[in-house]
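Residue-level listing of the chains:
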Amino acid sequence: FYDWLVVDVKPLPSLKFPHVASQTCDFSRPATMVPGGPGRRRWEFMRLPHETAEELNTTTTAWKMLAPFGIDSSNAELERHSVYTFQAGWAKQWRKGRILLAGDAAHLMPPFAGQGLGAGVRDAMNLSWKLDAVLRGVSDDALLDSYGTERTPHVSRFIDFSMELGRVICITDTAEAAERDARMIKARQDGAQPPAPPNPKLGQGVHQGTAGGMISVQGRVQTTPEGPVTRADDTLGGGLLLVKDGRLLGSLDKTKMAALSDLGITFATLSAEGPGNPVIDADGTYREWLDELDATAVLVRPDFYVYGTASSTLTVQDLVDSFIQDTAYTARQR
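A short tour of the structure in this document, coming up. (Residues numbered from 1 in each chain as written. Predicted model: local features only at pLDDT ≥ 70, side-chain atom pairs only at ≥ 80, totals over all residues. Heavy atoms only, no water.)

Describing the pairing of strand 15 (residues 297-300)
Our working rule: Only protein chains enter the calculation, and the probe is 1.4 Å; a residue is then buried if its accessible area is under 20% of its type maximum, exposed if over 50%, and partly exposed in between. Only DSSP runs of H or I with at least four residues qualify as helices, and only runs of E with at least two residues qualify as strands; both kinds are numbered from the N terminus onward. For two strands to count as paired, DSSP must find a minimum of two bridges between them.
Of the two faces of strand 15, the one carrying Ala 297 and Leu 299 and the one carrying Val 298 and Val 300 are both buried. Across four bridges, the pairing between strand 12 (residues 240-243) and strand 15 is antiparallel. Considered in strand 15, the bridge of Leu 240 is made with Val 300. Sheet analysis places strand 15 next to strand 16 (residues 306-310), joined by four bridges and oriented antiparallel. Note on strand 16: the bridge partner recorded for Val 298 is Thr 309. In this structure, the hairpin formed by strand 15 and strand 16 is closed by a connection of five residues, where Phe 304 is found at a positive phi of approximately 75 degrees.

Observations regarding the packing of aromatic side chains
Counted only if it meets this: Two aromatic rings from Phe, Tyr or Trp, using only the six-membered ring of Trp, form a pair when their centres are within 6.5 Å; if the ring planes differ by under 30 degrees the pair is stacked, by over 60 it is edge-to-face, and anything between is tilted.
A complete count under the given rule lists nine aromatic pairs for this structure. Relative to Trp 43, the ring of Phe 17 lies with its centre 5.6 Å away and its plane at 80 degrees, an arrangement referred to as edge-to-face. Linking Phe 17 in the loop between strand 1 (3-11) and strand 2 (22-24) with Trp 43 in strand 4 (residues 41-46), this pair joins segments that are 26 residues apart in sequence. A network of ring pairs unites the aromatic residues Phe 17, Trp 43, Phe 45 and Phe 69 as a single cluster.

Considering unusual backbone geometry
Even without a glycine there, the phi angle at Asp 294 is positive, about 50 degrees. In this structure, Asp 294 sits in the loop between helix 8 (285-292) and strand 15. The phi torsion at Ala 328 lies on the positive side, around 55 degrees, for a residue other than glycine. Looking at Ala 328, the relative accessible area reads 19%, which means it is buried.

Below you can see the structure in the form of structure tokens.
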């Protein structure tokens, strides 16, 4: 929970900056530089213990902070500056009747992991397909209760990760900073790889099994051998029932297939036999993924998260029946 001066700048086109975010872990003044959209850069400077927010939030101070980066009034326009308190937290309740929270209304995190906007987009993806099903009369509004239970544990992991990074960056004690630097330099010299960002599953909700709640893979496919190779979501959309062998779809009657279609699920098979839409797995991504899951089929929700898989003990029909039940399907539109 630190105060930071955020400064948005429009540098002259002659000034070149790498299109990456940079964290300066300087104990005398932790700072951040990030791309701010076409023709813009953003700098952020941490308030030190002896400073006040009012002292920091002035045009004079902003130019002073920018000077070490080669930015001044001769080569850049100072568009705005403001002091923000970086905070972390999330709502305990995401829905109350017809009111649902998303984005910064539902959660706040420090920007160190660059995941605030991403978390809001995931909220929107999770909520939109469920809200769409409810508003079209396809599902009962009980489906919306799964929104908060799924998103809370997921977003809280990214908030924790952002705070972990902040604890590394926001060090102003010289001895503590020296210890951090020595530790990180040694790890680099020893060949240690940076820890991977978190990849949490969704919390309790509309998914099942060990694969349920994980993000799906993204492969490239063709609909014909001569056709273009495209990203799967461009061709197939989000919701997907992907089956190794199309003959496994033979157990689904027209009512079940219509229900899946109502819920935004398309069909794709990795073989030409049986019903469904055969696709060519251009790079083998999906066959490899199904092998890793030990699955004959995988059902991916419209927000690209896995609902569950079918295997030798759980048939495709069982998987579909469970999905229809868990989405509170009503078939009212029919």
